[in-house]
Amino acid sequence: MDTALAHIVMSALTATVNGTWHRLRMCPAPDCQWVFYDNSRPGRAKWCSPQLCGNRAKTQAYRRRQST
Ligand SMILES: [Zn+2]
């Protein structure tokens, strides 16, 4: 089985058992879409990694603004 898929399935199963399903997120970065567990305290994490995908999205939005 694909390891990424296995990770998603395991996360989903664990979340269902723990009742934390609503904390599973899918990273909105089009080239990532990683399913991750939001363990931030407010429960509002958007990116799988704010350092990686969050930063990359900010940079891309900035570049789009510059080019138009
Ligand atoms: Zn991501």
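Residues numbered from 1 in each chain as written. Predicted model: local features only at pLDDT ≥ 70, side-chain atom pairs only at ≥ 80, totals over all residues. Heavy atoms only, no water.

Engineer: How should I be thinking about the overall build of the chain in this particular structure?
Structural biologist: Of regular secondary structure, the chain possesses two helices and two strands. Counted from the first residue to the last, the chain has its helices and strands arranged as α-β-β-α. Taking 11 Å as the expected radius of gyration for a compact globule of 68 residues, we find that the chain reaches 14 Å, considerably beyond that expectation. Along the longest, intermediate and shortest principal axes, the C-alpha atoms of the chain span 45 × 30 × 15 Å. Out of the 68 residues in the chain, the part that is buried amounts to 21%. The long-range share in the chain, meaning contacts at least 24 apart out of those at least 6 apart in sequence, stands at 15%. (Helix = DSSP H or I, 4+ residues; strand = E, 2+ residues; numbered from the N terminus. Rg over C-alpha atoms; globule rule 2.2 N^0.38 Å. Buried < 20%, exposed > 50% of the residue type's maximum accessible area, 1.4 Å probe, protein only. Contact = heavy atoms within 4.5 Å.)

Engineer: Please explain the pattern of salt bridges as it appears in this structure.
Structural biologist: Side chains carrying opposite charge are able to pair once their charged atoms draw close together. Inspection of the entire model under this criterion finds two salt bridges. With a shortest N-O distance of 3.0 Å, Arg25 and Asp38 are connected by a salt bridge. Of this pair, Arg25 sits in strand E1 (residues 24-26) while Asp38 sits in the loop between strand E2 (35-37) and helix H2 (50-67), and the two are 13 residues apart along the sequence. Here Asp31 makes a salt bridge to Arg56, at a shortest N to O gap of 3.4 Å. Taken together, the residues Asp31 in the loop between E1 and E2 and Arg56 in helix H2 connect sequence positions 25 residues apart. Looking at Asp31, the relative accessible area reads 52%, which means it is exposed. The exposure class of Arg56 is partly exposed, given its relative accessible area of 34%. (Salt bridge = Lys/Arg side-chain N within 4 Å of Asp/Glu carboxyl O.)

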